[in-house]
Amino acid sequence: MTGGSSGFGEISARRISRTPGTRLLVGARGAVPDGLEARPLDLASLASVRAFADAVREWLDAGAPATGRHGDGRIDSMVLNAGIVRPDADGRTVDGFETTFQVDHLAHALLLRLLLDRLADDATVVFTTSGTHDPAEHARFPLPRHADARRLAHPERDHELDARPRVAGRRAYTTAKLCAVLTARAVDTGIAAPGRHLTGIAFCPGETPGTGLVRDLPLPARIGWRLLAGPLRRLSPESNRPEASGRALADLALGFVRPPDRGDAGPWSYAVLRSGRLGWRPVPPLAADDEAMIALWRDSAELCGLPAAQSVPASGSGWASKR
């Protein structure tokens, strides 16, 4: 699990770790609350992601057969929850990529790919997204324009980059959350692992004031996020307490709540928590775009230095069997 050391992620991690027969490993950049097992992970460094993936393999091998519901040392559930929002799109990681894009999407996409072979065949992968990517939500954030990984990684090359830093930073966030939905669909449809029966879930925790999401914003914004948590929950009927968001995330990861039937007849939907109640909403057109999904999966792999030949399944591999 990423993003399990604070906020509703910590609540979720504790709920998961207390579940009988479950072992949880958290990737964290800093201190981890007592009672949670962790290894170092800095999503702003792809080298750190690779080192964490190696640490996960060692942890699995050391814990087998206690690890995995089948007793085979495999991962039953992966929770990719960490995320940030920045005041602009000017930040760059040590890898040279725009910070929000790498932390919220690219590092998670790499971690998933590095551990695909250790996922159980019926594993669940949960991505924390945000309804701000969805036009139907009417959020106060600018909507994504595209999911072009190369332009998102290097916004200075994007002719559509917003001139106002604050708008550019917020759009970088909503677009990264769109990427989370597309990657969840890549897992669920079989693009990520052709022929396997993985479940991909995108989860929007809704407005959850008081979390660490805004830690990279200016001090006044961080203070306001904390002080206004109570009033916002009273004024916004759809906002959630961290306890509710953490519980919902854990329930999805543990398989206590399953997605609706995703046969050919219906649209793909993502999980949303509103007023403490979990439901499902159809993804918007950009998140439902198969070409955008495939391109994002392919280009994200290549940005991480993975061979192009391994970035998408072979033609005719039957990847759309779980549409």
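Thresholds applied
- Residues numbered from 1 in each chain as written.
- Predicted model: local features only at pLDDT ≥ 70, side-chain atom pairs only at ≥ 80, totals over all residues.
- Heavy atoms only, no water.
- UniProt positions renumbered as here; feature names shortened; annotations may be inferred.
- Helix = DSSP H or I, 4+ residues; strand = E, 2+ residues; numbered from the N terminus.
- Buried < 20%, exposed > 50% of the residue type's maximum accessible area, 1.4 Å probe, protein only.
- Areas by Shrake-Rupley, 256 points an atom, 1.4 Å probe, with all protein chains shown as cover.
- Axes fitted to C-alpha atoms, helices over the stretch in contact; angles between N-to-C directions.
- Parallel < 35°, antiparallel > 145°, perpendicular 65-115°, else oblique.
- Left-handed = near helix turned anticlockwise from the far one by under 90°.
- Contact = heavy atoms within 4.5 Å.
- Nonpolar A, V, L, I, M, F, W, Y, C, P; charged D, E, K, R; others polar.
- 1 Å grid on protein atoms, 1.4 Å probe; cavity = no way out; pocket = protein on both sides within 12 Å on 5 of 7 lines; lining within 4 Å.
- Points joined across faces, edges and corners; volume = space filled by probe spheres on them.
- Polar contact = N/O pair within 3.5 Å; in protein donor to acceptor, adjacent residues only side chain to side chain.
- Phe/Tyr/Trp six-rings, centres within 6.5 Å; stacked < 30°, edge-to-face > 60°.
- Lys NZ or Arg CZ within 6 Å of the ring centre and 35° of its normal.
- Expected span 1.5 Å × (residues − 1).
- Salt bridge = Lys/Arg side-chain N within 4 Å of Asp/Glu carboxyl O.

The name given to the protein in an unreviewed UniProt entry is Dehydrogenase, and the organism recorded there is Agromyces agglutinans. Regarding the protein, the relevant UniProt record gives this comment under Sequence similarities (unreviewed entry): "Belongs to the short-chain dehydrogenases/reductases (SDR) family."

Tell me what's going on with the overall build of the protein, and back it up with residues and numbers.
Along its length, the protein carries 9 helices and 7 strands. The buried share of the protein, reckoned over its 323 residues, is 54%. If you sum the accessible surface of the protein, you get close to 14000 Å²; carbon and sulfur atoms cover 52% of it.

Please give an account of the packing of helix α3 (residues 99-115) against helix α5 (residues 165-189) that cites residues and values.
Relative orientation of the contacting elements α3 and α5 amounts to 15°, with a least axis distance of 8 Å. Accordingly, the angle class assigned to the pair α3 and α5 is roughly parallel. The interaxial crossing formed by α3 with α5 has left-handed handedness. Each of Thr-100, Phe-101, Asp-104, His-105 and Leu-112 in α3 lies in contact with α5, whose residues at this interface are Ala-172, Tyr-173, Ala-176, Lys-177, Cys-179, Thr-183 and Val-187. In terms of residue class, the contact of α3 with α5 is built from 7 nonpolar, 3 polar and 2 charged.

Explain empty space enclosed by the protein to me, and be specific about the residues and the numbers.
Within this structure, the stated rule accounts for 3 cavities of 30 Å³ or more. There is about 200 Å³ of room inside the largest cavity. Counting residues per element, the ones that place at least two in the lining of the largest cavity are α4 (149-153) and α5. Residue contributions to the lining of the largest cavity peak at 5 residues, all from α5. The calculated volume of the second largest cavity comes to roughly 70 Å³. Surrounding the second largest cavity, Leu-80, Ala-82, Asp-104, His-105, His-108, Ala-109, Phe-127, Thr-128, Lys-177, Ala-180 and Thr-183 form its lining. Every element with two or more residues in the lining of the second largest cavity is listed here: α3, β4 (119-128) and α5. Counting residues per element, the lining of the second largest cavity draws most heavily on α3, at 4 residues. Within the lining of the second largest cavity, the residues separate by chemical class into 5 nonpolar, 4 polar and 2 charged.

Describe the side chain of Thr-132, naming the residues involved and giving the relevant values.
For Thr-132, the position within the fold is in the loop between β4 and α4. Apart from the residues lying within four places of it in its own chain, the contact partners of Thr-132 are Ala-139, Phe-141, Leu-143, Pro-144, Tyr-173 and Thr-174.

Give a detailed account of the environment of Asp-104, specifying residues and quantitative values.
Topologically, Asp-104 is positioned in helix α3. Residue class for Asp-104 comes out buried when judged on its relative accessible area of 5%. Each C-alpha atom of the pair Asp-104 and Ala-176 lies 5.9 Å from the other, and the pair is 72 residues apart in sequence. When near neighbours in sequence (up to four residues on either side) are disregarded, Asp-104 contacts Ala-82, Gly-83, Ile-84, Tyr-173, Ala-176 and Lys-177. For Asp-104, the side chain forms a polar contact with the main-chain nitrogen of Ile-84, separated by 2.8 Å.

Please set out the packing of aromatic side chains residue by residue, giving values where relevant.
All told, the structure shown has 1 aromatic pair when counted by the stated rule. Positioned over the ring face of Phe-141 is Arg-170, at 4.4 Å from the centre of the ring.

Describe in detail the packing of α5 against helix α9 (residues 290-303), supporting the description with residues and values.
Between α5 and α9, the least distance of the axes is 9 Å, while the angle of their chain directions is 90°. The pairing of α5 with α9 is recorded here as roughly perpendicular in orientation. Facing Cys-179, Leu-182, Thr-183, Arg-185, Ala-186 and Thr-189 of α5, the residues of α9 in contact are Asp-290, Ala-292, Met-293, Leu-296 and Trp-297. Taken together, the residues of the contact of α5 with α9 sort by class into 7 nonpolar, 2 polar and 2 charged.

Account for α5, with residues named and values stated.
For α5, which comprises 25 residues, the first-to-last C-alpha distance of 36 Å matches the rise-based estimate of 36 Å (1.5 Å per residue) to within 8%. Burial within α5 is extensive, with 22 of its 25 residues counted as buried. Looking one or two places after α5, you find Gly-190, whose phi comes out positive at around 105°.

Residues and numbers for the pattern of salt bridges, please.
Taken as a whole, this structure holds 21 salt bridges when the rule is applied. For Arg-74, the salt bridge goes to Asp-72, with nearest N and O atoms at 3.8 Å. A relative accessible area of 30% means that Arg-74 is categorised as partly exposed. For Asp-72, a relative accessible area of 37% corresponds to the partly exposed category. In this structure, Asp-299 engages Arg-298 in a salt bridge whose closest nitrogen and oxygen atoms are separated by 3.0 Å. Looking at Asp-299, the relative accessible area reads 9%, which means it is buried.

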